[in-house]
Structures are given as structure tokens and as C-alpha cells.
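If you want the building blocks of each chain, they are given just below.
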Amino acid sequence: MKKTKTALDTDIRFIKGVGEARAAALNKLGVFTLRDLVRYFPRTYDDRTSIKKIDELIVGETACVFATVATAPRVTHIRKGLDILKLRCVDEKGTLNVTFFNQSYVKNQLAAGEGYVFFGRVGGKIGAPELTNPVFEPEETFGTRTGRIVPIYRLTAGLSQNMLANAVRRGLEACGDVLPEPLSPDIQQRYGLAQARFAFENVHFPKDYEALEIARRRLIFEEFYVLSCALDRFRSEKTVRRGHAVPRADLKEFTDKLPFELTGAQKRAIDEALSDMEKTVPMSRLVQGDVGSGKTAVAAACCFSCARAGFQTAFMAPTEILAKQHYETLTGMLTPLGVTVELLTGGMGVKARRTACGRILSGEAQVIVGTHALISGGVEYRKLGLVIADEQHRFGVAQRAALSGKGESPHVLVMSATPIPRTLALIVYGDLDVSVLNELPPGRQKVDTFAVNEAMRPRINAFIRKQVQEGHQVFIVCPAVEENSENPVDELKNVKEYAQELQKTVFPDLRISLVHGKMKSAEKDKVMSAFASGQLDILVATTVIEVGVDVPNATLMVVENADRFGLSQLHQLRGRVGRGKSKAYCILFEGAGGAVARDRLNIMTKSNDGFKIAEEDLRLRGPGDFFGSRQSGLPETHIANFATDMELLRSAQAAARETVAADPRLELEQNAELRFEVELMISRNENTLN
Ligand code: ADP
Ligand code: MG
């Protein structure tokens, strides 16, 4: 059932009053068709509803005023690049001076003796009001650019607000009765949503604020609904692939050997994963849990079950040192049960690597822990049943796919400590089912957290020294050396100088070292290992330490310029300490961020709950920042905002689920429009949806 072209697919060049030049400018804004044009939503609105007489104008406020041009406009050429046009206007109550800078062309639009409506911010002084560069229109067209709520669009060279508003207006006329309408009457009614015509009219040219709200609500819902339908379709298509059914092993043997009792959350996550793996549909599951929630034990249980069923597991970590740490942990848990664990990293010698690869190919190695080396060309598996990726936000979707390609659609388990609010997890992780570890192992201590300013510096330095004297270790974290920062060289120099300064002037007797993102990974690993084995007292680091290296003897985390980190990031950093038996602390220097930064940091001092912190972070900073600027993982939206429109996202997801359940391939006639919009959404977000 192919949908034929409709009026909505008309190229904007053919819309009255647009033409080639403006069409080219609109193309730059991503507007190609009539459908795009009516969906080019205002960035904000200008309230031009207040109408005043000249003697009622108040300096500093914006207002519309009806006035007659009293003196013909006069242009004065002040110097090259500066023309001033002045005119005087009157109404029955007073006189108003109007000035335009470098807009001498308006001279011909303002005739003496004619009436106009002016809108702008009132300047001058009491009794002598002035308007500078006001918006104006003849009295006859009042209500078009003045006297109403006016849309403000994002512009590009060659377009003005006026041109855009006119193009949209013409576009809405050209649409006639065919506006995009992916929402069935049933959905509209049940969710109390406005009809398309009302929504599009009022989002661009709102009758009043109430109408604007109703319009926005419907359009935001619509966008989320289409997006959710697109994601549900991905999910239903994924289930077509076939993989291995892995029968579930008796875990008693495994749990008996563990030095601790599994938490309820761990048991649940393991059970969910093992149930998934019993099916021939490959598992795609995310285990999401705060730092220290015990994700490794969940992974180990899955490795064990796979090994008992005769399958191999590839366990991929983002860094070599983490791979080694996992290797040791897994060896400790699994070797006593007769499961063989193998390490494979890029840093291994050729010979050791060849031996390891041999054992992987023969199937002798049952659990293989490593870095990216696991997906490099030379590695072949005997019977790969499961792939586990730790800290998945460090792995691209492509890498995950490359690894999956090594077997016949192995089950995939990804583990992440990034606590993404559940609603968003559905979108960011698309096809993944989610298990949440929402319970920390018992006896876990709270890391006491303090937000401090420079005045506290001497006391903090004394505190650092005290921790070291007691035999503990200290992390000091500085904001990362960003690739795309204005001057990465300077920032790197800063961290280096900072470490040197600290060594020279503050702690000449302590063992201090530095790690940063620009170091080679072998170098980095060397320093991290030295710190982990207690050969260093203080480790100065950029955020490279964020990903899970375990140093139980580290009891203090100091963060410089903490205002430059996201709260979730700070929470991750804080999770690096408090892993041992001794009391642990986190000190946040508030930097130059001011009161807003202090409010944010105070959330850290009050909460230890990663999910709560993530929600707050999302609320305060919006999703772009929340996920880091490099790749938000979220699809682009026209009007909906993932941070502020969470409620609508929830109901749209519910509606989408019903729709797709009733018509999985969206083949019913009533879903034709929806299907078209879903396909459009998919084609425009190929890179983010997964
Ligand atoms: P993360 O979720 O951050 O990867 P880990 O798996 O590294 O957490 O576990 C953190 C620490 O908690 C480890 O030292 C681990 O041995 C311990 N641990 C995990 N599960 C439990 C449990 N149920 N009871 C007690 N300690 C646990
Ligand atoms: Mg971990």
C-alpha cells in the first residue's frame, strides 16, 4: 500500500510568494516541502497584544500604539554606515518620536497624514516617549504583525521574520483540508487533543495563550506518538532474527560460592536475563544500575549459565585496566566452578595472544574478557552464545553490531551506570529491554559530600594530608581536556601545571601522579595500576577515571570546578570512593558557577540516589547537556522537549503501544498517515534510533 503524493509533498518553491531565492534559504533550515513548512514551528513568541495611547506609554515597556505620521520622514546621513531616519507621530493625546537606524528604506512605507500601528519598546523619558526601530504596519492590516501574539522563527541569511510568517501563512492556506494528521479520531478523543487544523493555525498564529497551549499539547503528543510508534516497529522487526536458546543452569552452585548474598534486584535482573536467553529470539537487555550496585555479579551469573549450556561468552570492557579487573573478578567467581576464563587485550604479546586465540577457537576458553580486541579480525569463537558490554555508553552501536556478527546473533547484555530516567531509556536504547538494579548491597556506606568554595582551600588541603597519613588515597579530578574546547592545549597545560604546583608547593612529600584523556592508553593504564596497587597517594585526573576502576583504599574524591560537570557525572565520580571499609568523602569545589551552580551541587550533598540525581540533572539542564554534547542519543524533535514534556511522552508512549499492538505493521487504512509519518521519522533519524 504505497501512499500517493499529496499536496503536502509540494515543493515550497511553488508556494505563492516564496520563489527560488527564499526557497533556497528555507532549504537551509531543513524546509523542503509544504509538510516541512507547516512543521517549522516558532522558536518563541512576541506578545504584541498591549495597545496604548501615546500618553499612556511607559518607558521600558513594550506596547502597540495607533498614531498618524505628522512630519514626513527625514533621513540624515551621519557617516559611512550610519543613516538615521526620524519622524514625528501624533494621536489625540500626544506626540511620539520615532527613529530608525540604517533603515532608510522605510521612508517610502510611511506617508505623512496616514495612520499606522507601531510596536516596540518605549524609550525616551516621561512626557516625551520615543520608539527606536519599531515594528509597524498600516492601520488597515492591524492584527497581522501587531495587536496579537506573533511567532518568532529561527532565521537564516536571506529571510526575515516577516517573510517566514508570510510563507507559513500561505503554506497553511495551500494545505486546505489536508494537514498532517497521524492521530486517529479515536486517539484524539481519548487523549483530549485538538484537531490538526486548529493546532497548526494556533501554533503559528495563536488566537491567545490558551489556544497556543492547546495547540502545542497536541503537536508535542503527535511527535512523541510518531516517534514511539517508530521505536515499537524497530522492536517488532528485531524479533524476526533467530539465535541460540540457552537452557537455564541451576544457579545454586554459583550462588553457594559467592562471598555474599545476591540482592533482590540482582536476582531479578539475573532471572530476566536467563529467561530471555532461553528463547531463540536474541536477548537485547540493558542492566542499568548505580555505581556499586553489583552489575558484575549479574554478568557472572549469565556467563556461568551459558558455560554450563556449552556456550561461550565475550565480555567487553572499555579499557584495558577494566578488562583486567573484570578478568580477575570473574576468575575468582567462576574458576572454582570449573568454568575457564580467558583474557584478551590489545596490549598482550603476540605469543600470548596466539595461545589465547587458540583456546577461544577450540572452545576451551568459555568466558573471554577483553577490550576492543575481542571484535578485531583475528578472533574466532567456537560457539558464541552471549556478548556482554560493560559501560555501554562507551561503545558505539556499530561495535556492538560487529561483535554480534561474530556469532549467529548471540544474546546481548549491556551494563550501564548512567542512570537514565526510564521514559528516556526507552528512546535512547530503543530496542533494549531494561533491568534496573535499584537496590545497593547491604552495608554500603554513604559518601559524605560537601560543596565548598576557595575560602576552604587550606582546610581541604589539610584534610587531604590527613587521609594520606591514615594510609588512604585521594582522587583529585579536574574538568576534562575536551577535544572541541576553545583551547584544548591550554586546558591540558592547566591540568599538568596544577599537578606540578600541587607537588611542588602543597604536598612535596607525597606521591602524586597525573592521568588525562590525551595520554596513550598504555601510559594511562600504568599510572592507574600504580594507584590501584598503592604506589601513589594522590591521583590527579580528568574524567578518565569515571569508568569503574576499583580502588577500595581511596577514601577521598576532590573535584575542582565541579560546576562544570553534570550531576550524573559527579555522581559517577563519587562512586569511585566508598568502596572499602573506611569512611569516604567527596569534596566539590564550586568554581565560578555562582548561585545556580551552588543549587545544583547541593543536590549532590543531599542525595546518593543516582536516579533521583539524573532526573534533577535532566530537569535543570535539558537533555542535550544531560547526555553530553557529543551525542545525545536522542532523535531530533521539532517541538517536543524530552526534559520538560515528560508527561506527554508517557501518554504518547502508551497510545503508541496500543496502536502498534493492534496493527503491528501499520497496514490498516486508518493508520496510513501514521505509517507515512513513522517512515519519515525513521529515515530522518537513522543515526540515532537503534
Ligand atoms: P558495579 O555495578 O558498579 O559494576 P560491582 O559489580 O563492581 O558494581 O560491585 C561493587 C562491589 O560490590 C564489589 O566489590 C562486589 O563484590 C560487591 N557486591 C556486589 N554484589 C553484592 C552483594 N549482593 N552483597 C555484597 N556485596 C556485593
Ligand atoms: Mg562495573
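Refer to the preceding data block for the structure.
Reading the values: the criteria
Residues numbered from 1 in each chain as written. Chains lettered and ligands numbered in written order. Predicted model: local features only at pLDDT ≥ 70, side-chain atom pairs only at ≥ 80, totals over all residues. Heavy atoms only, no water. Buried < 20%, exposed > 50% of the residue type's maximum accessible area, 1.4 Å probe, protein only. Helix = DSSP H or I, 4+ residues; strand = E, 2+ residues; numbered from the N terminus. Pairing = 2+ DSSP bridges. Right-handed = clockwise from strand over helix to strand, strands pointing away. Axes fitted to C-alpha atoms, helices over the stretch in contact; angles between N-to-C directions. Left-handed = near helix turned anticlockwise from the far one by under 90°. Contact = heavy atoms within 4.5 Å. Nonpolar A, V, L, I, M, F, W, Y, C, P; charged D, E, K, R; others polar. Salt bridge = Lys/Arg side-chain N within 4 Å of Asp/Glu carboxyl O. Near = heavy atom within 4 Å. Polar contact = N/O pair within 3.5 Å; in protein donor to acceptor, adjacent residues only side chain to side chain. 1 Å grid on protein atoms, 1.4 Å probe; cavity = no way out; pocket = protein on both sides within 12 Å on 5 of 7 lines; lining within 4 Å. Sits in = over half its atoms within 2 Å of the grid points. Expected span 1.5 Å × (residues − 1). Phe/Tyr/Trp six-rings, centres within 6.5 Å; stacked < 30°, edge-to-face > 60°. Lys NZ or Arg CZ within 6 Å of the ring centre and 35° of its normal.

Trainee: How would you summarise the pairing of strand β23 (residues 585-589) if you had to cite specific residues and measurements?
Mentor: By the criterion of burial, β23 is predominantly enclosed, with 5 of the 5 residues buried. Burial of the side chains of β23 extends over both faces: Tyr585, Ile587 and Phe589 are buried on one face and Cys586 and Leu588 on the other. Sheet topology note: the strand β18 (residues 448-452)/β23 ladder contains 5 bridges and is parallel. Bridge pairing in β23 places alanine 451 opposite leucine 588. Relative to β23, strand β22 (residues 554-559) runs parallel, the two sharing 4 bridges. Residue pairing across strands places valine 558 opposite isoleucine 587, the latter belonging to β23. You can see the chain leave β22, run along helix α17 (residues 567-574) and come back into β23, and the turn it takes is right-handed.

Trainee: Requested: an account of the packing of helix α8 (residues 264-277) against helix α9 (residues 295-308), with residues and values cited.
Mentor: Packing of α8 against α9 brings their axes to within 9 Å, and their N-to-C directions diverge by 35 degrees. The way α8 lies across α9 gives a crossing that is right-handed. In this structure, α8 uses Gln266, Ala269, Ile270, Ala273, Leu274 and Met277 to contact α9, whose residues at the interface are Ala297, Val298, Ala301, Cys302, Ser305 and Cys306. When its residues are assigned to classes, the contact of α8 with α9 shows 10 nonpolar, 2 polar and no charged.

Trainee: Tell me about the pattern of salt bridges, residues and numbers included.
Mentor: Evaluation of the coordinates by the stated rule reveals 33 salt bridges. Note that aspartate 448 is salt-bridged to lysine 446, the shortest N-O span being 3.3 Å. Residue classification places aspartate 448 among the partly exposed residues on the basis of a relative accessible area of 23%. Its salt-bridge partner being arginine 650, residue glutamate 647 comes within 2.8 Å of it at the nearest N-O pair. Of this pair, glutamate 647 and arginine 650 both sit in helix α20 (residues 646-662), 3 residues apart, which is roughly one turn of the helix. Each of Asp9, Arg35, Arg39, Glu181, Arg218, Glu222 and Glu677 takes part in one network of salt bridges that share partners.

Trainee: Can you break down the site of ligand 1 residue by residue, with the values?
Mentor: Around ligand 1 there are 15 residues in total, and Glu261, Gly292, Lys295, Thr296 and Arg444 lie nearest to it. Glutamine 266 is positioned with one of its side-chain polar atoms (N or O) 2.9 Å from a nitrogen atom of ligand 1. Structurally, ligand 1 is housed in the second largest pocket. Across the shell around ligand 1, the residue classes break down as 4 nonpolar, 6 polar and 5 charged.

Trainee: So what about helix α16 (residues 521-532)? Which residues, and what values?
Mentor: Side chains that are three or four residues apart share a direction in an α-helix, a result of its 3.6 residues per turn. For α16, which comprises 12 residues, the first-to-last C-alpha distance of 16 Å matches the rise-based estimate of 16 Å (1.5 Å per residue) to within 8%. Those residues of α16 lying buried are Lys524, Asp525, Val527, Met528, Ala530 and Phe531. Buried residues along α16 sit against α10 (320-334), β19 (473-477), β20 (512-515), β21 (538-541) and β22. Within two residues after α16, glycine 534 carries a phi angle of roughly 85 degrees, on the positive side.

Trainee: Which residues make up the side chain of threonine 313, and what are the values?
Mentor: For threonine 313, the position within the fold is in strand β12 (residues 312-316). Exposure remark for threonine 313: the relative accessible area of 0% places this residue in the buried category.

Trainee: Provide a residue-level description of the sheet that holds β20, including the pertinent values.
Mentor: Here we have 6 strands laid out as an open sheet, ordered β18-β23-β22-β19-β21-β20, and parallel in their pairing. Unpaired on one side and paired on the other, β18 and β20 mark the two borders of the sheet. With direction set aside, neighbouring strand axes in the sheet form an average angle of 15 degrees. Where helix α18 (residues 594-606) meets the sheet, its contacts fall on β18 and β23, and the angle it forms with β18 comes to roughly 160 degrees.

Trainee: How would you summarise the packing of aromatic side chains if you had to cite specific residues and measurements?
Mentor: Applying the stated criterion to the full structure yields 12 aromatic pairs. Ring plane angle 20 degrees and centroid distance 6.1 Å describe the contact between tyrosine 40 and tyrosine 153, whose orientation is recorded as stacked. Of this pair, tyrosine 40 sits in the loop between α2 (34-38) and β1 (44-47) while tyrosine 153 is found in the loop between β10 (149-152) and α3 (161-175), placing the two residues 113 residues apart along the sequence. Here tyrosine 40 matches tyrosine 153 in class, with each residue buried. Joined through ring pairs, the aromatic side chains of Phe100, Tyr116, Phe118 and Phe136 make up one cluster. Geometry around phenylalanine 311 places lysine 383 over its ring, the cationic atom sitting 4.4 Å from the centre. One Lys or Arg, lysine 583, reaches over the ring of tyrosine 585 and ends 5.9 Å from the middle of that ring.

Trainee: Residues and numbers for the sheet that holds strand β13 (residues 341-344), please.
Mentor: Strand order in this open sheet of 7 strands is β13-β14-β12-β15-β16-β11-β17, and the pairing throughout is parallel. Since the sheet does not close on itself, it has two edges, and those belong to β13 and β17 (433-437), each with one partner. On average, adjacent strands in this sheet sit at an angle of 20 degrees to one another, irrespective of strand direction. Where strand β15 (residues 384-390) meets strand β16 (residues 411-416), 5 bridges bridge the pair, whose relative direction is parallel. Across the sheet, alanine 389 pairs through a bridge with valine 414, a residue of β16.

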